[in-house]
Amino acid sequence: MNAETRTDTGTDIRTDNGKGTGTGFIELDNVEKVFDVRRKTGFMRSERRQVRAVDSISFRVARGEMVGYIGPNGAGKSTTIKMLTGILTPSGGRLRVAGIDPSRERTRLAHRIGVVFGQRTTLWWDLPLRDSYRLMHRMYRIPDARFRENLDRCVELLDLGELLDVPVRQLSLGQRMRGDIAAALLHDPEVLYLDEPTIGLDVVSKAKVRGFLRDLNAERGTTVLLTTHDLTDIEQLCKRVMVIDHGRLMYDGALAGLHEVGESERMLVVDLERQLPPIRLESAPSVRTVKVEGPRQWLAFPASESAAPLVARIAADYPLADLSVREPDIEAVIAKMYASADGMEIGDGGARVQ
Amino acid sequence: MAETAGAVEVTEAAGPPEVVFVERSRLVEGVRAYGLIATMWLRSTMAYRASFAMTAFGNFAVTAFDFVAILLMFQHVDALGGYTLAEIALLYGASGTAFGLADLVMGSMDRLGRRVRDGTLDTLLVRPVPVLAQVAADRFALRRMGRITQGALVLGYALVTLDIGWTPLKVAMIPLMLLSGAAIFAAVFVAGAAFQFVAQDASEVQNSFTYGGNTLLQYPPSIFSKDLVRGVTFVVPLAFVNWLPALYVLGRDYPLGLPDWVAFLPPVVAGLCWLLAGLAWRSGLRAYRSTGS
């Protein structure tokens, strides 16, 4: 199944001393997490049921990669992140981050990773932003010169200069997220986990956060693993995407490939100058008109095809007033993929890994 | 554990210069982290100075009224369970001060259940310092000094008023009693918090042992049933906070007829309580990390 050689989990694996074995900086081999869910069935009686939140996941992330980790709610994304950061102990399998077993050496790992939980700030509500950074400085025992250097860089790139002396409670959501990202990077982590880093942010803030992450990855070689609901995050940041659903790795590869696997369709929304019968293009059989509403029509076409020739053809044959392209949402893609996976063997996590 | 305290390890980071990571004793790390976080909370409360002053005074006043109730009672009786006002003041002051100290240092541990429920405990678990220190320092509030002040004042009144035949042992007993008592209460706070890993809404159970225990200890053991006295002596050893040492100072007999030397056991009992509470905390945290809820 998996061609990778696996070191015996029973023996001492600390011999590699932080360098990681082989190619993987983050390594998961058949990692699983099973929760015992108790349900009350009466007074002092309960029924036990096992839920496999993460079901035999294997993947490798090389140093300096930027990977999107996506899936519907409850798919097992957060559980995976929690195992990678050492918060949760895996029920089975082997897991290493920078050669460290997160669940056994949580505090040692903490010096080498940065974590941003999108919806839970770690900043101090009533204190100026600067004070939260000072705490990081001392708690992580960051050498003074390095702290100053890192803080200056984050302040400049994340545009925090004016905010340093403002109490965190007065910051906007976008400003706070930028502040949180800076807080997670002051100790020079080698890997940064971001859980929904753009959730609830406005367009400008989203662009700022994405731009910063891209630079961080390119210039400092920080490995980034992010979970998101926003496919645009993935499109703009990650060459590689992993899709998880029902605790299993459904897909691991490029984003474009995801659309192919999911047979997903993009939507071209066309505003014509007047109401016309549904658009019909003989030269493009893969395009179907799915909806007509007055002069506005919705055309679905395979996500793997380019929209440009299609637009040109419509513009040639029809009085075109305006148009827009809508990307498929991740839930739809995954739903399709899941439906097509029945009977097929793409559920096996190791199958598409590198 | 594969790691030994004091081992020095050099990790090779990719871009940045070499990081020297020194594994320090967890106790030292914990105390240091506690100090750092408590300082942050102090600064946070100073953002609202007026509110701080008012709650500190309120804290003092509420506990003060508590003793006023006892004073009023003694307007009508000369003794309670065979104890005079000054003797009860000794019990009250000792328990109040010890509890106040524990409350100041560990008082917010009953918020752990809430942290488990809303998921903010996870943000503490990704930091390189012990979780217990972070949870104990959570919401550190100097206003809790109000309770200590009140307890110390009542204790001072008792020591001045009482006619005690002081011996060196009896003198040494007073600070010993306060520190051991605070440690015993603190252990109860930790054990209660550990229990909240499995039962997140159990903070009331914890409060019944801490706040309830404190109220119980403010009265002499002679007014309670023997079964209750046995319970707080042998099961939840709160009797070692003030009853046993204070009765030794007063030269009185303990209702259960225990020998005199048990009055010197509080430090041992406190150590045992901490050991058990520490184990409970460890298994609680382990349970959390395997269930995540």
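Basis of the calculations
Residues numbered from 1 in each chain as written. Chains lettered and ligands numbered in written order. Predicted model: local features only at pLDDT ≥ 70, side-chain atom pairs only at ≥ 80, totals over all residues. Heavy atoms only, no water. Helix = DSSP H or I, 4+ residues; strand = E, 2+ residues; numbered from the N terminus. Buried < 20%, exposed > 50% of the residue type's maximum accessible area, 1.4 Å probe, protein only. Contact = heavy atoms within 4.5 Å. Areas by Shrake-Rupley, 256 points an atom, 1.4 Å probe, with all protein chains shown as cover. Lys, Arg positive; Asp, Glu negative; His and termini not counted. Charge placed at Lys NZ, Arg CZ, Asp CG, Glu CD. Core = buried A, V, L, I, M, F, W, Y, C linked by side-chain atoms within 4.5 Å. Pairing = 2+ DSSP bridges. Axes fitted to C-alpha atoms, helices over the stretch in contact; angles between N-to-C directions. Buried area = accessible area lost by both parts, 1.4 Å probe. Salt bridge = Lys/Arg side-chain N within 4 Å of Asp/Glu carboxyl O. Nonpolar A, V, L, I, M, F, W, Y, C, P; charged D, E, K, R; others polar. Parallel < 35°, antiparallel > 145°, perpendicular 65-115°, else oblique. Left-handed = near helix turned anticlockwise from the far one by under 90°.

(A) Geometry of the overall build of chain B. The helix and strand tally for chain B stands at twelve helices and two strands. In sequence order, the secondary structure elements of chain B are arranged as β-β-α-α-α-α-α-α-α-α-α-α-α-α. For the C-alpha atoms alone, the extent of chain B along its principal axes is close to 75 × 45 × 35 Å. Of all 293 residues assigned to chain B, the portion counted as buried reaches 51%. Considering only intrachain contacts with a sequence separation of at least 6, the fraction spanning at least 24 residues in chain B is 74%. Element-wise, carbon and sulfur atoms account for 66% of the exposed surface of chain B, whose accessible area totals about 13300 Å². Separation of charge centres in chain B, based on 21 positive and 20 negative side chains, amounts to 5 Å.

(B) Highlighting the overall build of chain A. The secondary structure content of chain A amounts to ten helices and 13 strands. The long-range share in chain A, meaning contacts at least 24 apart out of those at least 6 apart in sequence, stands at 71%.

(C) Spotlight on the nonpolar core. Within the largest apolar cluster, 169 residues are counted, with the highest numbers of intra-cluster contacts made by A:Ile26, A:Tyr133, A:Tyr193, B:Leu121 and B:Trp281. Top contributing element to this core by residue count: helix H8 (residues 168–198) of chain B, with 14 residues. When neighbours within four sequence positions are excluded, B:Leu121 is seen to be in contact with B:Leu112, B:Arg115, B:Val116, B:Val131, B:Val135, B:Phe197 and B:Tyr288. Counting 13 residues, the second-largest nonpolar core is a separate cluster that includes A:Val270, A:Leu272, A:Leu299 and A:Leu310.

(D) Looking closely at the sheet that holds strand S10 (residues 265–272) of chain A. Residue and element names in this part refer to chain A. Strand order across the open sheet formed by four strands is S11-S12-S10-S13, with antiparallel pairing between neighbours. Two strands bound the open sheet, and with one partner strand each, they are strand S11 (288–293) and strand S13 (320–326). Neighbour to neighbour, the strand axes of the sheet diverge by 20° on average, direction disregarded. Two elements, S11 and strand S12 (residues 296–302), share five bridges in a ladder whose sense is antiparallel. For Thr 289, the partnering residue across the bridge sits in S12 and is Leu 299. Docked against the sheet, helix H9 (residues 308–317) engages S10, S12 and S13, running at close to 25° with respect to S10.

(E) Region of the structure containing the sheet that holds strand S5 (residues 113–117) of chain A. Residues and elements named next belong to chain A. Taken in spatial order, the six strands make up an open sheet running S5-S6-S7-S3-S8-S9, and their pairing is mixed. Single-partner strands in this sheet number two, and they are S5 and strand S9 (248–253). The mean inter-strand angle of the sheet, taken between neighbouring strand axes irrespective of direction, is 15°. Relative to strand S6 (residues 191–195), S5 runs parallel, the two sharing five bridges. The residue bridging Val 116 from the neighbouring strand is Leu 194, located in S6. Sitting on the sheet, helix H5 (residues 173–185) is in contact with S5 and S6, with an inclination near 160° to S5.

(F) Representation of the interface of chain A and chain B. At the junction of the two partners, chain A supplies 42 residues and chain B supplies 41 residues. For the pairing of chain A and chain B, the buried interface totals around 4000 Å² over both sides, and the portion due to carbon and sulfur atoms is 55%. A per-residue breakdown of the area chain A buries against chain B is headed by A:Arg106, A:Met139 and A:Arg141, which together make up 18% of the total. Inspection of the chain A/chain B interface yields four salt bridges. Taking the shortest distance from any N to any O, the salt bridge between B:Asp122 and A:Lys82 comes out at 3.2 Å. Broken down by secondary-structure element, the contributors of at least two residues to the side of chain A that touches chain B are strand S1 (24–42), helix H2 (106–110), S5 and helix H3 (129–139) of chain A. The element best represented in the side of chain A that touches chain B is H3(A), accounting for seven residues. Along the lines of polarity and charge, the residues of the side of chain A that touches chain B split into 13 nonpolar, nine polar and 20 charged.

(G) Structural context of the packing of H8(B) against helix H9 (residues 203–217) of chain B. Residue and element names in this part refer to chain B. Running from N to C, H8 and H9 cross one another at 160°; their axes reach a closest spacing of 8 Å. When the axis of H8 is compared with that of H9, the two are roughly antiparallel. The chirality of how H8 crosses H9 is right-handed. Contacts between H8 and H9 involve Phe 185, Val 188, Phe 189, Gly 192, Ala 193 and Gln 196 on the former and, on the latter, Ser 203, Gln 206, Phe 209, Thr 210, Gly 213, Asn 214 and Leu 217. When its residues are assigned to classes, the contact of H8 with H9 shows six nonpolar, seven polar and no charged.

(H) Structural detail: the pattern of salt bridges. This structure, assessed with the given rule, holds 35 salt bridges over all chains. A salt bridge links A:Arg112 to A:Glu190; its shortest N-O distance comes to 2.7 Å. With a gap of 78 residues between them, A:Arg112 in the loop between H2 and S5 and A:Glu190 in the loop between H5 and S6 connect regions that are remote in the sequence. By the burial criterion, A:Arg112 is buried, and A:Glu190 matches it. One salt bridge in this structure joins A:Asp131 and B:Arg43, with 2.5 Å as the shortest N-O distance. With A:Asp131 in helix H3 and B:Arg43 in helix H1 (residues 26–46), this pair bridges two chains. The exposure class of A:Asp131 is buried, given its relative accessible area of 6%.

(I) The pairing of strand S3 (residues 66–70) of chain A, seen in detail. All names here are of chain A. For S3, a buried count of five out of five residues is recorded, marking the element as mostly surrounded by other parts of the structure. Pairing of S3 with strand S7 (residues 223–227), which is carried by four bridges, proceeds in the parallel orientation. Within S7, the residue paired with Val 67 across the bridge is Leu 225. In this structure, S3 lies alongside strand S8 (residues 240–245), joined through four bridges in parallel fashion. Note that in S8 the partner of Tyr 69 across the bridge is Met 242.

(J) Quick look at the packing of H5(A) against helix H6 (residues 203–220) of chain A. Residue and element names in this part refer to chain A. Between H5 and H6, the shortest axis-to-axis distance is 9 Å and the interhelical angle comes to 15°. When the axes of H5 and H6 are compared, the pair comes out roughly parallel. Regarding H5 and H6, the two cross each other, and that crossing is right-handed. Judged by residue contacts, Gly 174, Met 177, Arg 178, Ile 181 and Leu 185 of H5 engage Ser 205, Lys 208, Val 209, Phe 212 and Leu 216 from H6. Class assignment for the residues of the contact of H5 with H6 results in six nonpolar, two polar and two charged.

(K) Up close: the environment of A:Leu276. Residue and element names in this part refer to chain A. With respect to the helices and strands, Leu 276 occurs in the loop between S10 and S11. Expressed as a C-alpha distance, the spacing of Leu 276 and Gly 294, which sit 18 residues apart in the sequence, is 7.8 Å. Excluding residues that lie within four positions of it along the chain, Leu 276 makes contacts with Val 292, Gln 297, Tyr 318 and Pro 319.

(L) Representation of the side chain of A:Asp195 in the model. Within the secondary structure layout, A:Asp195 lies in strand S6. When neighbours within four sequence positions are excluded, A:Asp195 is seen to be in contact with A:Ser78, A:Val116, A:Phe117, A:Gly118 and A:Thr227.

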